[in-house]
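Observations on the three-dimensional arrangement
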Amino acid sequence: AEWKYAIEEALEEVQGVYATKFKEHIEANSDHTVAIFPFGTLGESADTTELAQMGAIQFVDASPGFTGSLIPELQVFLMPYVLPEDPAVLADFYKTSSTINEDLAGLYDAQNLHLVDMFPEGEVVMTTKEPVTSPADLEGVKFRVMTTPLLVETYNAFGATATPLPWGETFSGLQLNMIQGQENPMFFVESTKMYEVTDHITFTGHNTFTTAVAANKSFYDGLSDEDKALVTEAADAAYDYIIDYQKGLEDEALAKIQEAKPSMTVTRLTDEQREPFRKAAEQVREKFVEMTGDSGKAVLDGFEADIKASQERVGG
Ligand code: 6CS
């Protein structure tokens with residue numbers, strides 16, 4: 001059969017590279033075919049998630065920055081200064097975390113979605129029209145975030161005026177000066193030319209972009225054991241590939257940006273400069289627990305325990 005798979009990015013971007021690897025594995029090992037629908041062909045993330053829930057498409061890549069509106073506990077991925085920064089620890093964490101692969105997977109099930117894989121897409125950086133080294137610099141800045149409530153809390157706590165928008169309205173929003181900042185991993189800042197409509201890049205170290213691939217649950221449950229195993233193997237192959245693919249990607253993307261726009265400034269906040277952002281993160285943590293209750297609290301505790309286990313395993 002033909003399986004339809006929607007992503008939030010272009011084919012050459014990280015989600016597209018993952019999806020292409022997944023497709024290649026499925027097609028090389030079965031009679032199934034996979035049709036990938038890049039961003040813009042089936043609507044925004046909220047639309048493609050709904051299509052997957054209804055079974056109009058079989059797979060969707062939709063990030064917690066959007067799906068956190070549907071499954072509030074997913075907003076744990078958006079909490080500032082919670083995920084580790086070391087890529088090796090991250091790579092181990094998404095694969096081994098029982099909080100992700102059992103607890104959060106169960107919450108997907110309840111939405112008629114089967115969680116296939118979660119993976120990191122790189123450190124998130126701020127790109128803004130004015131330089132940012134402190135929360136005071138974000139005062140009065142309309143800062144675009146993905147549409148989940150916790151991101152609004154985060155950027156308001158960081159001193160900005162958080163402005164939730166779907167991806168499709170971000171470039172024009174910056175161009176028209178309706179917003180003056182946004183956050184995304186470096187590869188995406190480069191590939192979507194965010195640097196053309198902002199002038200400053202700031203590394204705050206507050207998060208890594210997480211994304212998730214899910215299947216329609218009724219479709220998945222109806223697959224033969226063999227096809228279920230095939231999906232898992234394809235996801236495993238794509239996961240290993242995308243982790244490896246991203247080594248050096250941030251530096252390459254930054255070099256391209258600096259080549260295309262030499263005036264772009266790049267600032268890496270010192271530990272001291274990060275401190276007020278870390279402080280602000282404490283109230284975001286309280287908001288998360290307020291929004292998600294006991295269930296969210298359990299997810300957060302499990303999440304942090306799993307991160308610690310990965311750090312011990314990988315870091316030695
Ligand atoms: O900021 C966004 O909305 C988008 N960022 C990335 C890295 N992927 C897709 C998402 O829609």
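Above this note sits the structure.
A brief structural summary. All values derive from a computational prediction rather than experimental measurement.

1. Looking at the pairing of strand β6 (residues 161-164)
Sheet analysis places strand β5 (residues 142-145) next to β6, joined by four bridges and oriented parallel. The residue of β6 that forms the bridge with Arg 144 is Thr 163. Running through helix α6 (residues 149-157), the crossover from β5 to the neighbouring parallel element β6 is right-handed.

2. Here's the deal with the site of the ligand
As a matter of local geometry, the ligand sits amid Glu 8, Glu 9, Ser 45, Ser 63, Glu 121, Met 146, Trp 167, Asn 184, Pro 185, Phe 188 and Phe 209. Here the residues of the shell around the ligand sort into five nonpolar, three polar and three charged.

3. Observations regarding the packing of α6 against helix α12 (residues 271-315)
As a packed pair, α6 and α12 sit with axes 9 Å apart at the nearest point and diverge in direction by 155 degrees. Our classification of the angle between α6 and α12 gives roughly antiparallel. Crossing hand, α6 versus α12: right-handed. From α6, Pro 149, Leu 150, Glu 153, Thr 154 and Ala 157 reach across to α12, where they touch Ala 280, Gln 283, Val 284, Lys 287, Phe 288 and Met 291. Split into classes, the residues belonging to the contact of α6 with α12 amount to seven nonpolar, two polar and two charged.

4. What to know about the environment of Asp 86
The topology assignment puts Asp 86 in the loop between α3 (64-67) and α4 (87-96). Along the sequence, Asp 86 and Val 314 sit 228 residues apart, while their C-alpha atoms lie 9.6 Å from each other.

5. Details of the environment of Lys 23
Among the structural elements, Lys 23 can be located in helix α1 (residues 14-29). Judged by local crowding, Lys 23 falls into the buried class, with 20 C-beta atoms found within 10 Å. Sequence-wise, Lys 23 and Gly 315 are 292 residues apart; in three dimensions their C-alpha atoms are separated by 33 Å. In this view, Lys 23 contacts Val 34 and Ile 36; residues no more than four positions away in its chain are not counted.

Conventions and cut-offs
Think of each chain on its own: its residues are numbered from 1, step by step along the sequence as written. In view of the model being predicted, local features appear only for residues whose pLDDT reaches at least 70, and side-chain atom pairs are presented and counted only at 80 or more, with totals across whole chains, interfaces and linings using the full set of residues. A pair of strands is considered paired only if DSSP assigns at least 2 bridges between the two. Numbering goes from the N terminus for both helices and strands, where a helix is a DSSP run of H or I of at least four residues and a strand is a run of E of at least two. Handedness of a crossover: with both strands directed away from the viewer, a clockwise path from the first strand across the helix to the second marks it as right-handed. Contact assignment follows one rule, namely that a residue is near a molecule or strand if its backbone-placed C-beta atom lies within 6 Å of it. Asp, Glu, Lys and Arg are counted as charged, while Ala, Val, Leu, Ile, Met, Phe, Trp, Tyr, Cys and Pro are counted as nonpolar; the rest, among them Gly, fall into the polar class. Here, axes are lines fitted to C-alpha atoms. For helices the fit covers the stretch in contact, and angles between N-to-C directions go from 0 to 180 degrees. By definition in this entry, angles of less than 35 degrees are roughly parallel, angles greater than 145 are roughly antiparallel, angles of 65 to 115 are roughly perpendicular, and the rest are oblique. Helix crossings fall into two classes, left-handed where the near helix is turned counterclockwise from the far one by less than a right angle and right-handed where it is turned clockwise. This entry defines residue contacts through backbone-placed C-beta atoms, with two residues in contact when those atoms are within 7 Å. Here the C-beta atoms are placed from the backbone, and a residue counts as buried if at least 20 other C-beta atoms lie within 10 Å of its own, exposed if 12 or fewer do, and partly exposed otherwise.

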